[in-house]
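Descriptive structure summary
Here are the chains, one letter per residue:
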Amino acid sequence: MSHFAHARVDLDAISHNARLLREFAGGTPLMGVVKADGYGHGMLPAARAMIAGGATWLGTAFIDEALELRRAGFTLPVLAWIIPPGEPVAEAVEADVDLGVSDRAVLDTVIFEAARLGRTARVQLKADTGLNRGGVNPADWRNLVEAAARAEDEGHLRVSGVWSHFACADEPGHPSIALQLSRFHEALEIADKAGLDPEVRHIANSAALLTLPEARFDLVRGGIAGYGLCPIPDFEATGLRPAMTLRSRIALTKRVPAGSGVSYGHRYVTDRESTLALVPLGYADGVPRAATNKGPLLLGGRRRVISGTVCMDQFVVDVGDDAVEAGEYAVLFGDPGEHPDTPTAEDWARILDTIPYEIVTRVGVRVPREYVGAPA
Ligand SMILES: Cc1ncc(COP(=O)(O)O)c(C=O)c1O
């Protein structure tokens, strides 16, 4: 465990963002998406902060994540949506976890377990409206809906939701968006005709809740924007505050002559006598190796770039003749509201040709999360 580096997570920022998302979505109820350890921020603290900001639902990918929320005492509705064979469906039914159902086999398993336990399972039927990932194909939708309606009549389940997910909401105006919305309306109509009366109909993720009022329905699912990061490149989501700051103390500095090759492969060579600063964070901690000679950071009051290869546990920054010393903090990404030269996770994503989700979720287990802003 590195004592030099940590990811500081501002829980007030998450609560603030959740409040803002509700405003952006015109007051529509908010599901705080906390899967993947709260996008790397820590699932339980992130969930508390989302709820403090007004989230009335939580969303996870897997049942185990939802059960962890239940064990921690969260009693609000929780939806888990990836249910491969062998998942603990019975525990989920007992814990009143809403189960996202994407195929008939899962529906049948849920009905079987609910009947065995003598309970009414909460099920949210997911329509594939064009993402071609999870969800039930349009051709199979009517059958699934009718089977769910029969099981509802028999008391084995309650269809608490009907929902879907966009493929290209982060590209406003993409033709698939209107098509998916119209297919979602069709799916809802079929569910309605089968006699289903879901509590919530939902399709919007962060990008859609920021840009598509017509996609709000009864609930919006806010993930990345809750953590203060915008899913749409070059879109001004005014007021979002990045919650995670990844920073590390400098482990050592040294003076080297001009022409010194730096780090593995000597992919960086000093062009003058220079001071090198060593940052004890590497690809094992989530700093992508692709950030070699590219990754930005704030150090000694200004923006700089990683010099040479990112190693497993460390990388180097050429600071020239600046007075940078061991023990000083380097900020890899965080909130520019704290210092205008602070890179954001969005900056890292742009530079590395990825998305900010990947930057924050890959911060490794060796990096302690330090919580500020509210009780964790
Ligand atoms: C089904 C589903 N809904 C909602 C979300 C939240 O998306 P975002 O983080 O873009 O708000 C995700 C995240 O990947 C998801 O998979």
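The preceding data block contains the structure.
Definitions and cut-offs
- Residues numbered from 1 in each chain as written.
- Predicted model: local features only at pLDDT ≥ 70, side-chain atom pairs only at ≥ 80, totals over all residues.
- Heavy atoms only, no water.
- Pairing = 2+ DSSP bridges.
- Helix = DSSP H or I, 4+ residues; strand = E, 2+ residues; numbered from the N terminus.
- Axes fitted to C-alpha atoms, helices over the stretch in contact; angles between N-to-C directions.
- Contact = heavy atoms within 4.5 Å.
- Near = heavy atom within 4 Å.
- Polar contact = N/O pair within 3.5 Å; in protein donor to acceptor, adjacent residues only side chain to side chain.
- Areas by Shrake-Rupley, 256 points an atom, 1.4 Å probe, with all protein chains shown as cover.
- Nonpolar A, V, L, I, M, F, W, Y, C, P; charged D, E, K, R; others polar.

A word on the sheet that holds strand β6 (residues 121-126)
The strand order β8-β7-β6-β5-β4-β3-β2-β9 describes an open sheet built from eight strands, whose pairing is parallel. The sheet terminates laterally at β8 (200-202) and β9 (220-222), the two strands that pair on one side only. Put simply, the sheet's adjacent strands are angled 30° from each other on average, direction ignored. Note that strand β5 (residues 98-101) and β6 share three bridges and pair parallel. The residue bridging G100 from the neighbouring strand is Q124, located in β6. Relative to the sheet, helix α4 (residues 63-71) contacts β3 (57-60), β4 (78-80) and β5, its axis offset from that of β4 by approximately 160°. Seen against the sheet, helix α8 (residues 175-193) touches β7 (157-163) and β8 and runs at an angle of roughly 160° to β7.

A short note on the sheet that holds strand β16 (residues 302-305)
Strand order in the open sheet formed by six strands is β16-β15-β18-β10-β1-β19, with mixed pairing between adjacent strands. Sheet topology places β16 and β19 (369-372) at the edges, where each strand pairs with a single neighbour. Adjacent strand axes in the sheet meet at a mean angle of 35°, parallel and antiparallel pairs treated alike.

Some thoughts on the site of the ligand
Neighbouring residues of the ligand: 14 residues in total, closest K35, Y39, S206, I224 and Y357. Between the ligand and K35, the relevant distance is 2.7 Å, taken from an oxygen atom to a side-chain nitrogen or oxygen of the residue. For the ligand, a nitrogen atom lies 2.8 Å from a polar atom in the side chain of R221. Out of a free accessible area of 400 Å², the ligand has 93% covered by protein chains. Where the shell around the ligand is concerned, the elements lending two or more residues are α2 (35-39) and β9. Partitioning the shell around the ligand into residue classes produces six nonpolar, five polar and three charged.

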